[in-house]
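# Fold and contact review
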Amino acid sequence: MGSSEAGLFYSTWGTGVHGSYFYTNEILFGGDIASGDSSTTSSGAGTSIKSESTIQTFNAFGRYYLRDIGITDGLFGQAGLAFRNWSGKGSIIEDSTKAKLASIKMNWSPLVLVSGVGWHKVWGFGMSTSISFNASAGGSRTVEYTENMLRFGDTLKNNLEEKTDFPNNLVIYIGYSF
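To keep things clear, this report deals only with the structure shown in the data block. (Residues numbered from 1 in each chain as written. Predicted model: local features only at pLDDT ≥ 70, side-chain atom pairs only at ≥ 80, totals over all residues. Heavy atoms only, no water.)

This next bit is on the overall build of the protein. Helices and strands together make up the secondary structure of the protein, namely one helix and 10 strands. Reading the secondary structure of the protein in the N-to-C direction produces β-β-β-β-β-β-β-β-β-α-β. Expected size for 178 residues packed as a compact globule is a radius of gyration near 16 Å; at 20 Å, the protein overshoots this value by more than 25%. The C-alpha extent of the protein, read off along each of the three principal axes, is 65 × 30 × 25 Å. Once the 13 positive and 15 negative side-chain charges of the protein are each reduced to a mean point, those two points are 5 Å apart. (Helix = DSSP H or I, 4+ residues; strand = E, 2+ residues; numbered from the N terminus. Rg over C-alpha atoms; globule rule 2.2 N^0.38 Å. Lys, Arg positive; Asp, Glu negative; His and termini not counted. Charge placed at Lys NZ, Arg CZ, Asp CG, Glu CD.)

Attention now goes to the pairing of strand S7 (residues 111-122). Here nine bridges tie strand S5 (residues 75-94) to S7, and the two strands are oriented antiparallel to one another. Paired with leucine 75 across the bridge in S7 is tryptophan 119. Bridge analysis of S7 against strand S8 (residues 127-137) gives 10 bridges, and the strand direction is antiparallel. Bridge pairing links valine 122 to serine 128 in S8. Here S7 folds back onto S8, and the loop between the two strands holds four residues, one of which, glycine 126, carries a positive phi near 100°. (Pairing = 2+ DSSP bridges.)

One pass over the full model with this rule turns up nine aromatic pairs. By the ring-pair criterion, three or more aromatic residues cluster together here, those being Trp13, Trp86, Trp108 and Phe166. Just above the ring of phenylalanine 76 sits the side chain of arginine 63; from NZ or CZ to the centre is 4.0 Å. When the ring centre of tryptophan 123 is taken as origin, the NZ or CZ atom of lysine 121, which lies over that ring, is 5.3 Å away. (Phe/Tyr/Trp six-rings, centres within 6.5 Å; stacked < 30°, edge-to-face > 60°. Lys NZ or Arg CZ within 6 Å of the ring centre and 35° of its normal.)

A few words now on the nonpolar core. Membership of the largest hydrophobic core comes to 14 residues, with the highest contact counts inside it found for Trp13, Ala82, Trp86, Ile92, Val114 and Phe152. Those elements giving two or more residues to this core turn out to be S5, strand S6 (100-108) and S7. Of the residues forming this core, the biggest block, five residues, is contributed by S6. Sequence-distant contacts of isoleucine 92, that is, excluding residues within four places in its chain, are made with Thr47, Ser48, Ile49, Ala99, Lys100, Leu101, Ala102, Leu150 and Phe152. (Core = buried A, V, L, I, M, F, W, Y, C linked by side-chain atoms within 4.5 Å. Buried < 20%, exposed > 50% of the residue type's maximum accessible area, 1.4 Å probe, protein only. Contact = heavy atoms within 4.5 Å.)

What follows concerns the environment of phenylalanine 152. With respect to the secondary-structure elements, phenylalanine 152 resides in the loop between strand S9 (141-147) and helix H1 (154-163). Remark: the alpha-carbon pair of phenylalanine 152 and isoleucine 104, spanning 48 residues in sequence, is separated by 9.9 Å. Apart from the residues lying within four places of it in its own chain, the contact partners of phenylalanine 152 are Ile92, Ala102, Ser103, Tyr145, Thr146, Glu147 and Lys157.

This is how it looks when you write it as structure tokens:
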């Protein structure tokens, strides 16, 4: 087949650019770069919680299209490696004195295996769209708690760690095939 494509995507792990090459009609090699930043502020009973996270990911993958089935022309399975530069931090601050009651710092391991499934369509006029769902495996995360005047209970730690674990990635892509 020998065609290429490039485009933009939105995903759970951020927005980015994607490029790929059809090696054969069934095999595609690709890569993408995504980044995303977020910051949140919330207030409670005399305290404020401020948090920031930065996610930058490079993903290299191969896809195999299930074209032999016929009715699922664009259905594919995907596997690859994601190289991550993810970090996050947060603080709990007393509103009246501006004293830092507690803080948290998170770092994720830089390398994970990524696999998933999706659907991809190249339209007759060159536009290309896809949607895929991927899961990561093999990564870890370190969480560093600093307790100044406030202790993190086990329930709060478990809740926080569950909400900051991003093992899955939904990707919506639009591009152009050439």
